[in-house]
Amino acid sequence: LEGNIALRGFGAVNLVSKGDIRLKGALQGTDFTAQTLEGSLATGGNLTLQADQIYPTTLSQFSLAIKDNPAGVLSIFGGDTPSPVLSAGGKLSVSAPNIVQQGVLKAPFGEIALQAEDTLTLGDGSVTSVSADGQIIPFGKTDLSGSEYTYALGVRNLVLDAPPEKRVRLDGKTVNVTENAVIDVSGGGDLYAYEFIPGPGGSKDVLDAANAGDTFAILPGLTSGFAPYDHQYYLGNKGIKPGDSVYLSGVEGLPAGVYSLMPARYGLLPGAFLVKPVSGYQDMSAGQQVRQPDGTMIVSGYRASATLDGSLVQDARTSGFAVRPGAAARAQSEYLDTRASELFANQEGVQLPGDAGSLSIAAIQSLTLDGALKGDHAAGRNGAAVDITAARLAVVGAGADLSGLEGFMQLDVSRLNRLGAASLLLGGTRSPTEKGVEVRVSAQQVVVANTPDSALSGPEILLVATDEVKVKAGSVVEGKGAYSGTPKDITIGFKITDTNNDSIIDKADTNYGDR
């Protein structure tokens, strides 16, 4: 899906793919003014999407929505086993009166927001992930010898002062995260940027579209039939269409098979190969090799193209292809490689690739948390942050006094503990600032009613409300476990009432540092 699409007059819209559904934003404005890649699909009828996985392309901001239909249902279903997604920094927004997520939604190093006016359900087996799954993902380039991180949208370069953040947001009157539903905000992997350095290493960038000619790149792990899309990497591309691929055999270190064709720039990625068709080698036998004087190997293969039904249309006869490791391009041009985790390592207030991301949940009537949260992170980096809010929120445990909690949205303490959050905020949401974290308080009341046997525990727990935060007599909130990551200043406003109702602390702006 590309650009902005509006489907009017349909009672139901069903989009079914035998592979992925890719959401590709279009450049907004002219080449000189554009700063975003945006897209949308909106309809007034029920909307169903089914695919192996659904994801935005790099830096695309894409929305799926049902409008002007109070009973509308937006449903997402899965297909076969999903493959790695080589896109980063995308934002996916899904909004409808009712949302049923039973498939696979991904936005590596990006954001996913599911916003239902009534009921939001993450079904059994569903995956909602902003994790990179440990991959090194191409994202932008550097200038000025690696000192400036940019992304080329056209003529204009977007300057990036921080890596994109990993966030999942769930909003609804009723929010159900069912058993075996997975929300993945894990850290890991990295963002890769390149920079061509003209000089003794080469006077021109041989991987630039203007110089690469009919040289393409392939990656051993990508065999789905459709190559990843990155707006910057495809600038100037004229020779590759969606679904273009090549069958190769006889390449050392590369199993015989069909590989998606990508712009030559992808040859800078670890494990990549550069492929170029060579005339004069028609009808080569499978596995046959011819080594050139410069060491380049010519092998047998054929061009192919994936069709909408998943099948391949291929050349009738084999031909020759020169195949060499992507690293061979570095003998012709000099490149500076940069990882986001290194470039921004000493910058305060940023979420690095090794950090886990955040999960934010806002519910009105009820919240069920039976699913799993994945929040793995690199050693010494920040763990997962979880924010949960409602107008009146109560944390309850078995055997506790629940009197006076009528009208509260009640959360079982065992479900909260099972999330394994490194930092748990109840009663508000937080956002990063240059100096730390700002907490936006939205709950009127937050009450803890549990027992010593059902203590609310975690490395960091924050309870905030505009009117009252109350820990009932005999209830227990304990800091337990090592806090991972860098301490941050927290700006927060709240009221606290003790269990005897005789002491109130009222702070409009309290700053906490080095927790």
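Quick caveat, the model's predicted, so the values are computed rather than measured.

Student: For the overall build of the protein, give the residues involved together with the corresponding values.
Tutor: Counting its regular elements, the protein contains three helices and 44 strands. In terms of C-alpha radius of gyration, the protein reaches 26 Å, essentially the compact-globule figure of 24 Å for 515 residues. Overall, the protein is about 90 × 55 × 45 Å in size when its C-alpha atoms are taken along their principal axes. Looking at the protein residue by residue over its 515 residues, the buried ones come to 50%. Considering only contacts within the protein whose residues lie at least 6 apart along the sequence, 69% involve residues at least 24 apart.

Student: Which residues make up the pattern of salt bridges, and what values go with them?
Tutor: Taken as a whole, this structure holds 17 salt bridges when the rule is applied. We note a salt bridge from Arg-167 to Glu-165, for which the minimum N-O separation is 2.9 Å. A cluster of three or more residues bridged by salt bridges with shared partners is formed by Glu-111, Glu-165 and Arg-167.

Student: Pulling in residues and values, what's your account of the sheet that holds strand β14 (residues 136-143)?
Tutor: Spatial ordering of the open sheet is given by β16-β15-β14-β19-β29, a layout of five strands whose pairing is mixed. Of all the strands in the sheet, the pair left with one neighbour each is β16 (157-159) and β29 (335-339). The average undirected angle you get between the axes of adjacent strands in this sheet is 45°. Relative to strand β19 (residues 190-196), β14 runs parallel, the two sharing four bridges.

Student: Any details on the nonpolar core? Residues and values, ideally.
Tutor: Ranked by internal contacts, the top residues of the largest apolar core, which has 61 residues, are Leu-170 and Leu-416. If sequence neighbours within four positions are ignored, Leu-416 has contacts with Leu-369, Ile-388, Val-395, Leu-411, Leu-424, Leu-426 and Leu-456. One finds Tyr-151, Tyr-194, Tyr-266 and Leu-269 within the second-largest nonpolar core, a separate group that totals 39 residues.

Student: A description of the environment of Val-350 should follow, citing residues and the corresponding values.
Tutor: Position of Val-350 relative to the elements: it lies in the loop between α2 (340-343) and β30 (358-369). A relative accessible area of 9% means that Val-350 is categorised as buried. It is 8.8 Å that separates the C-alpha atoms of Val-350 and Pro-164, two residues lying 186 residues apart in sequence. The contact partners of Val-350, leaving out residues within four places of it in the chain, are Ala-162, Pro-163, Phe-344 and Asp-355.

Student: Before we move on, can you summarise unusual backbone geometry with the specific residues and values?
Tutor: Of note in this structure, Ser-145 is not a glycine but carries a positive phi near 60°. On the basis of relative accessible area, Ser-145 is assigned to the exposed category, the value being 61%. Positive phi, normally seen in glycine, also occurs at Asn-180, with a value near 75°. Looking at the element boundaries, Asn-180 is found in the loop between β17 (167-177) and β18 (182-184).

Student: Give me the side chain of Glu-460: which residues, what numbers.
Tutor: Positionally, Glu-460 belongs in the loop between β39 (456-458) and β40 (461-463). Only 2.4 Å separates the side chain of Glu-460 from the side chain of Ser-423, close enough to count as a polar contact.

Student: Just give me the short version of the side chain of Gln-53, but keep the residues and values in it.
Tutor: With respect to the helices and strands, the residue Gln-53 is situated in the loop between β6 (46-50) and β7 (54-56). You can call Gln-53 buried: its relative accessible area is 0%. One polar contact links the side chain of Gln-53 to the main-chain carbonyl oxygen of Ser-83, over a distance of 3.0 Å. Ignoring sequence-local partners within four residues, the contact set of Gln-53 consists of Gly-19, Asp-20, Ile-21, Pro-82, Ser-83, Val-85, Val-104 and Lys-106.

Student: Tell me about the packing of aromatic side chains, and name the residues and values.
Tutor: How two aromatic rings sit relative to each other is given by the distance of their centres and the angle of their planes. What the rule picks out here adds up to eight aromatic pairs. A centroid spacing of 5.9 Å and a plane angle of 40° characterise the contact between Phe-139 and Tyr-151, whose relative ring orientation is tilted. With a gap of 12 residues between them, Phe-139 in strand β14 and Tyr-151 in strand β15 (residues 148-152) connect regions that are remote in the sequence. As far as burial versus exposure is concerned, Phe-139 and Tyr-151 are alike and both buried. Chaining the aromatic ring pairs together yields one cluster made of Phe-139, Tyr-149, Tyr-151 and Phe-344. Positioned above the aromatic ring of Tyr-229 is the side chain of Lys-24, whose terminal nitrogen or guanidinium carbon lies 4.0 Å from the ring centre.

Student: Explain the environment of Glu-438 to me, and be specific about the residues and the numbers.
Tutor: Within the secondary structure, Glu-438 sits in strand β37 (residues 436-441). The spatial distance from the C-alpha of Glu-438 to the C-alpha of Ser-93 is 23 Å, given a sequence separation of 345 residues. Filtering out sequence-adjacent residues up to four positions away, Glu-438 remains in contact with Thr-429, Arg-430, Ser-431, Thr-433 and Thr-491.

Rules of the game
- Residues numbered from 1 in each chain as written.
- Predicted model: local features only at pLDDT ≥ 70, side-chain atom pairs only at ≥ 80, totals over all residues.
- Heavy atoms only, no water.
- Helix = DSSP H or I, 4+ residues; strand = E, 2+ residues; numbered from the N terminus.
- Rg over C-alpha atoms; globule rule 2.2 N^0.38 Å.
- Buried < 20%, exposed > 50% of the residue type's maximum accessible area, 1.4 Å probe, protein only.
- Contact = heavy atoms within 4.5 Å.
- Salt bridge = Lys/Arg side-chain N within 4 Å of Asp/Glu carboxyl O.
- Pairing = 2+ DSSP bridges.
- Axes fitted to C-alpha atoms, helices over the stretch in contact; angles between N-to-C directions.
- Core = buried A, V, L, I, M, F, W, Y, C linked by side-chain atoms within 4.5 Å.
- Polar contact = N/O pair within 3.5 Å; in protein donor to acceptor, adjacent residues only side chain to side chain.
- Phe/Tyr/Trp six-rings, centres within 6.5 Å; stacked < 30°, edge-to-face > 60°.
- Lys NZ or Arg CZ within 6 Å of the ring centre and 35° of its normal.

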